[in-house]
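One-letter residues, chain by chain:
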Amino acid sequence: MATLDKNSGAAARVVLPGTRFHRVRKTIQLVCFIGFILLPLFTIIRFDIPHERFYFFGAELWISEFSIIFLSLMFIMFTIAAVAMLYGRIYCGYLCPQMIFSEAANTLEASIKRMVNRRFSSMGPLARRAISVVLFSAVLLPAAIFVSFVFICYFVEPADLFHRLLSLDIQTAGGIIGASVTLVTILDFAFLRQGFCTAICPYGYLQNMLADTNTLLVHFYDNSGKCIHCDKCVRACPMGIDIRHSAHQLECTHCGECIDACSGILGRMGRESLIQYAWGDAGRHAVKETAWYRRIGLRDGKRIVVLLLMLIYASGLSIAISLRQPLLVRIMPNRITLYTKGADGLIHNRFRLVAVNRGKTAAKLTLSLADLDAAHIVGMDDGVTLKPGESLQREFEIAAAAAAVGPGVNHLRILTQVTPKQKSEEFDETFIAPMESTPSPEPADKR
Ligand code: SF4
Ligand code: SF4
């Protein structure tokens, strides 16, 4: 739990007692890495493009359910923007898969180099370098394929993708996209790594734009000239920058490695780190404060409003998902023919039923009529059963004796009943009968 540093006169600084940001960061990164793998493989969050589905924490949303998908995406975007405003580039330093894999590639490369230098010390530098490159590539290649596979699983069903991978499919559009993503991933982790964050990724720029005077920053404070210029903070920085120049450098991902580095070196002299997390530029001058909400970043009205908006979005989204009907039913009249007279002597009106089962179990739909007692449904006596994911279009008729209904337009309601139970729907429709004056001994078609 973060607390305030009360000894340095900078009460708004954030420190972690008894641990290091590096350890916290690596633990969070491990959780994120596991989450990155599990989310698509267990279909927790996945945008299935071929099947036009959006899976969001157990809900299987169809692409036609625009309102819920829109709310879900807005909630995700709003959360990302709010986190950037409150906690700066914490996402980059602690959560981003690109950063996690870049740092893993750096660590792996350095370990392999050390091991090769130790074991093959009798060889020349060129030979050792060649061995290092071969060994690094041997690990990087399967790792990049695995990471690409997981990434593409966010958009394609994992089983389908696995079969494509096994058959080395580079002929279909999906196979070509998969191969391209894998190639880009290999090049990224072989050559770009953190260079991607500063040169390509637009999210870093966006985060800097969202920051204000109360956003969490990494600051260097040295009012009394205690810096011993050891440059350990610079060597520890994964982005290769010197935080002493400014707290607002575009490359800084707020990872806190420089804080640990300075703590390590000055701690041996009984001093505290000259580099700290702090809430905005004002952090260094902040007075003592103990309010918990300020300590977690809720430092002004703007942040409270952002938090409330997030709660409203989350509530709206959960209500929309809970009200969602698994079986979507649409009923419309087929007015190509206004009415026909059947062999049974009754007047028939034709309707079209469209039903889609968006649930995970089979659903049975039955229809009934209200407000026109003399009419009955023809052709849907036992209802219809739809398997999970099945869509159905079907015509049915409503029939009534001409003498039992009014001439011309009669109003009625078509009611739905669904098993497993969901909210019944009503469709206001009309039943067209011949006008009283119309002699219709034969079936009469009107267009
Ligand atoms: S300056 Fe410090 S916080 Fe910023 S990226 Fe480098 S090590 Fe991380
Ligand atoms: S690690 Fe601390 S003491 Fe060393 S150069 Fe960086 S800020 Fe100065």
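Residues numbered from 1 in each chain as written. Chains lettered and ligands numbered in written order. Predicted model: local features only at pLDDT ≥ 70, side-chain atom pairs only at ≥ 80, totals over all residues. Heavy atoms only, no water.

Moving on to the nonpolar core. In summary, soluble globular proteins display a tendency toward joint burial of nonpolar side chains. Judged by nonpolar contacts, the single largest core of 29 residues is most densely connected at Ile 331, Leu 353, Leu 365, Phe 396, Ile 398, Ile 414 and Phe 431. Elements with a contribution of two residues or more to this core: β8 (327-333), β10 (347-357), β11 (363-370), β13 (384-386), β14 (391-400), β15 (408-419) and β16 (426-433). Among residues more than four places away in sequence, those in contact with Leu 353 are Val 329, Arg 330, Ile 331, Leu 365, Met 380, Val 384, Leu 392, Gln 393, Arg 394 and Phe 396. (Core = buried A, V, L, I, M, F, W, Y, C linked by side-chain atoms within 4.5 Å. Buried < 20%, exposed > 50% of the residue type's maximum accessible area, 1.4 Å probe, protein only. Helix = DSSP H or I, 4+ residues; strand = E, 2+ residues; numbered from the N terminus. Contact = heavy atoms within 4.5 Å.)

So, about the site of ligand 1. Surveying the vicinity of ligand 1 reveals 13 residues, the closest of which are Cys 237, Cys 252, Cys 255, Gly 256 and Cys 258. Broken down by class, the residue content of the shell around ligand 1 amounts to nine nonpolar, three polar and one charged. (Near = heavy atom within 4 Å. Nonpolar A, V, L, I, M, F, W, Y, C, P; charged D, E, K, R; others polar.)

Here strand β3 (residues 45-48) runs beside strand β4 (residues 53-56); their pairing, made up of four bridges, is antiparallel. Note on β4: the bridge partner recorded for Phe 47 is Phe 54. Between β3 and β4, which pair antiparallel in sequence order, lie four residues; one of them, Glu 52, sits at a positive phi of approximately 55 degrees. (Pairing = 2+ DSSP bridges.)

Pairing within the open sheet is antiparallel, and its three strands lie in the order β3-β4-β5. Among the strands making up the open sheet, the edge pair consists of β3 and β5 (59-62). Going across the sheet, the axis of each strand differs from the next one's by a mean of 15 degrees, ignoring polarity. (Axes fitted to C-alpha atoms, helices over the stretch in contact; angles between N-to-C directions.)

Turning to helix α13 (residues 301-322), a few remarks are in order. With 22 residues, α13 ought to run about 32 Å at 1.5 Å a step, and its terminal C-alpha atoms sit 31 Å apart, in line with that. Residues of α13 that are buried: Arg 303, Val 306, Met 310 and Leu 317. Across the axial projection of α13, the buried residues extend over an arc of 60 degrees, all falling on one side. Away from the buried face of α13 by more than 90 degrees, exposed residues Ile 312 and Ser 322 are located. For α13, the elements touching its buried residues are β4 and α2 (66-87). (Expected span 1.5 Å × (residues − 1). Arc of directions from axis to C-beta.)

Residue placement: Thr 182 occurs in helix α7 (residues 173-192). A relative accessible area of 16% places Thr 182 in the buried class. Excluding its chain neighbours within four sequence positions, the residues that come into contact with Thr 182 are Ile 145 and Ser 148.

Around ligand 2, a shell composed of Phe 220, Cys 227, Ile 228, His 229, Cys 230, Asp 231, Cys 233, Arg 244, Cys 262 and Ile 275 is seen. For the shell around ligand 2, the residue count by class is seven nonpolar, one polar and two charged.

The subject of this paragraph is the packing of α2 against α13. Two numbers describe how α2 lies on α13: the axes approach to 10 Å, and their chain directions differ by 155 degrees. Compared by their axis directions, α2 and α13 come out roughly antiparallel. Here α2 runs over α13; the crossing is left-handed. Residue-level contacts link Ile 68, Leu 71, Ser 72, Met 74, Phe 75, Phe 78, Thr 79, Ala 82, Met 85 and Leu 86 of α2 to Lys 302, Arg 303, Val 306, Leu 309, Met 310, Tyr 313, Ala 314, Gly 316, Leu 317, Ala 320 and Ile 321 of α13. Each residue belonging to the contact of α2 with α13 can be placed in one class, and the counts come to 16 nonpolar, three polar and two charged. (Parallel < 35°, antiparallel > 145°, perpendicular 65-115°, else oblique. Left-handed = near helix turned anticlockwise from the far one by under 90°.)

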